[in-house]
Amino acid sequence: MDIFRYAVDNDLFFGKVFTQLFLKARKLVFQKGEEVKFNHKDTAFLVFLHEGAVLGTLYYKGKVLYKAIKTRQYIFVHGPWKKSPYDIDQARWIVTNKAEITAIPMEVLFKDLAAQPGSSLTLEKHIEDMTRMDFQDYHQISGFTSIDDKIDFLIATYPGWIRNTHKYLADYLSVSQNGLSNALKKWDINHFGML
């Protein structure tokens, strides 16, 4: 039901094609700290995150291109997808809170979507827009020199991310766990007058 809601909310519901697609999908559960992996290394998957959260680190030529946190009710691409707006040659998605996902191979997805005119382009654009937003947010937050500014941006933009394990949130913010913990305590005092 949550995939249906996401599809409708994002104008991605493509009638009968949508129903048939998810009969071919795999539903999996990953534990905190596990890497999201599939048996087919050279296959790109569209992944819907039902519950939990993941931290993605996306690389190009061995260097971090950007990082992204995905929480429940979001999608991400796992594996090599040639239509990505960025050159990504490696990606690691680590589960930050127990994650329940549904995954479908991109090749199968787009082959089936071809039956409904315009649906492939609509989904491609949605994925590209989300990828660009992840890239821009990561580079904006990385541009802040103070941890306080990073926390302010994070809370203003993605307040739900604070519920992630601080180890992974600190990784995303490029700060130490202790630094993040202290900054969050300071933020609470400054905004609520207490711990």
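What this report covers is the structure whose coordinates are included nearby. (Residues numbered from 1 in each chain as written. Predicted model: local features only at pLDDT ≥ 70, side-chain atom pairs only at ≥ 80, totals over all residues. Heavy atoms only, no water.)

## A look at the overall build of the protein
In step 1: Along its length, the protein carries 7 helices and 5 strands.
In step 2: Listing each helix as α and each strand as β along the protein from the N terminus yields α-α-β-β-β-β-β-α-α-α-α-α.
In step 3: For the protein, the C-alpha radius of gyration of 18 Å lies close to 16 Å, the compact-globule estimate for 195 residues.
In step 4: Taken over the C-alpha atoms alone, the protein extends approximately 55 × 35 × 30 Å along its principal axes.
In step 5: A total of 195 residues make up the protein; the buried ones form 44% of that total.
In step 6: A separation of at least 24 residues holds for 72% of the contacts in the protein among residues at least 6 apart in sequence.
In step 7: For the protein, the accessible surface area stands at approximately 10900 Å², while carbon and sulfur atoms represent 53% of it. (Helix = DSSP H or I, 4+ residues; strand = E, 2+ residues; numbered from the N terminus. Rg over C-alpha atoms; globule rule 2.2 N^0.38 Å. Buried < 20%, exposed > 50% of the residue type's maximum accessible area, 1.4 Å probe, protein only. Contact = heavy atoms within 4.5 Å. Areas by Shrake-Rupley, 256 points an atom, 1.4 Å probe, with all protein chains shown as cover.)

## Section: helix α7 (residues 177–192)
In step 1: The terminal C-alpha atoms of α7, which comprises 16 residues, lie 22 Å apart, in line with the 22 Å expected from a rise of 1.5 Å per residue.
In step 2: Contact partners of the buried residues in α7: α5 (147–157) and α6 (166–173).
In step 3: Directly after α7, the chain includes Gly193, whose backbone phi takes a positive value near 75 degrees. (Expected span 1.5 Å × (residues − 1).)

## Regarding the pairing of strand β4 (residues 74–78)
In step 1: Summarising burial for β4: 4 of the 5 residues are buried, a large majority.
In step 2: With 5 bridges joining them, strand β2 (residues 45–60) and β4 adopt antiparallel strand pairing. When the bridges of β4 are listed, Phe45 appears paired with His78. (Pairing = 2+ DSSP bridges.)

## Re a nonpolar patch on the surface
In step 1: Among the surface-exposed residues, Phe4, Val8 and Phe13 lie close enough to one another that they form a single nonpolar patch of about 250 Å² accessible area.
In step 2: Mapped onto the fold, Val8 is located in helix α1 (residues 2–9). (Patch = residues over 30% accessible without salt bridge, like charges linked within 9 Å, V, L, I, M, F, W, Y side chains within 5 Å. Salt bridge = Lys/Arg side-chain N within 4 Å of Asp/Glu carboxyl O.)

So far we have only geometry, and geometry alone does not tell us how the molecule works.
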